[in-house]
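# Tertiary structure, described
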Amino acid sequence: MDKILSVNLHQVYSMKKATVIGVGNLGSCIAYELAARGIVDELVLIDLYRELAEGNAEDIAQAMAFRSNVEVTAGDYEDAEGSQVVIVTAGKPRTPDMKSRMDLLEANIRIIKSVASNLKKIREEPIVVTLTNPVDVMNYAMWKLTGFDRRRVIGSAGMLDSARFRRAISRKLDVPVLDVEAYVLGEHGDRQVPVFSRVAVKGEKRAFSDEERKEITEEIRQSALNVISKKGGTVYAPASNTVNMIRMILEDVPGLAVCSVVLDGEYGLKDISIGVPVELSREGVKKIFEWKLDEDEKAIFYKGAENLKKVIKTVM
């Protein structure tokens, strides 16, 4: 009897549950990837439009009928109880007419305030992954408003920017993208920092001319708007890169990720959420790495941080 009880308890505690708040194009794609990859056993979808959540939940559940026993349901905030991870995509998306993600500030801060007030009511403290733009500001607001541990509130953007960086290098150098190791730090916006000083191709460091840096940086900055102007929004790339991060968290897979996290002295910064390299774990951010940047990279990084601090003051 004791052995059976032990097995049952192990099964309960090993169950993985996630909640997605906001299940439009991006949120529903994240939910589908979580189910399809077998990363979670239970998935709750929450949306202001209940029927949208219900429709997406049933659609995803039917898609999994020949693949897994994952339970996918629509629910409310009380149904998020027991989730190890809560993914927040709720908010107005960026449109082609917007020059910057900061154009979303006023509309989306109201939504984040509402989401945060509901998440505070959850008895256990989940890891919150924020995607609502401007993500650095919204992630900071989520941390401030929930009062959760700073290492459990993570903005998802740096890996998306890094994926775009890798694609740009791959095209420029005509090499397979999987041979490229490259990351983008800093603000998720115009002051993002492609870390050219750490780029490696097939494991070997690669130097870039000023002209190459300029061309690649411009391509990265325009990549999101190029997609948005052609199909209305970026979906697959942010979804896939976010689910990669969630897998690291739920499966405790060691690896490097660039996430927007609230700093408390790292990089000489405090009270700001900005993209930095981290190691993720079941506890959220296990370790923050302080990379040495070259002078140009450092200048852009701190300009971005200064800009974010100014914006945060206008909403908090």
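Placed above this text is the structure.
Residues numbered from 1 in each chain as written. Predicted model: local features only at pLDDT ≥ 70, side-chain atom pairs only at ≥ 80, totals over all residues. Heavy atoms only, no water.

### Brief notes about the pairing of strand E14 (residues 284-288)
One ladder, built from 4 bridges, connects strand E13 (residues 270-281) with E14; its direction is antiparallel. Within the sheet, the bridge partner assigned to valine 278 lies in E14 and is isoleucine 288. Joining the antiparallel neighbours E13 and E14 is a turn of 2 residues. (Pairing = 2+ DSSP bridges. Helix = DSSP H or I, 4+ residues; strand = E, 2+ residues; numbered from the N terminus.)

### Details of helix H3 (residues 50-63)
The end-to-end C-alpha distance of H3, which contains 14 residues, comes to 20 Å, matching closely the 20 Å that a straight helix rising 1.5 Å per residue would cover. Residues Ala53, Asn56, Ala57 and Ile60 constitute the buried set of H3. Viewed end-on, H3 has its buried residues packed into an arc of 105°, placing them on one side of the element. Looking at H3, the residues exposed on the side facing more than 90 degrees away from the buried face are Glu51 and Gln62. Close packing links the buried residues of H3 with helix H2 (25-36), strand E2 (42-46) and strand E3 (71-74). (Expected span 1.5 Å × (residues − 1). Buried < 20%, exposed > 50% of the residue type's maximum accessible area, 1.4 Å probe, protein only. Arc of directions from axis to C-beta. Contact = heavy atoms within 4.5 Å.)

### Remarks on the nonpolar core
Leu34, Leu43, Leu45, Ile87, Leu119 and Leu280 are the most contacted members of the largest nonpolar core, which totals 85 residues. By residue number, the principal contributor to this core is helix H8 (residues 236-250), which donates 7 residues. Here leucine 280 is in contact with Ile154, Met245, Met248, Ile249, Val253, Gly255, Ala257, Cys259, Val285 and Lys286, once residues within four sequence places are set aside. Membership of the second largest hydrophobic core comes to 13 residues, among which are Ile169, Val201, Ile216 and Ile220. (Core = buried A, V, L, I, M, F, W, Y, C linked by side-chain atoms within 4.5 Å.)

On their own, these measurements won't tell you what the molecule is for.
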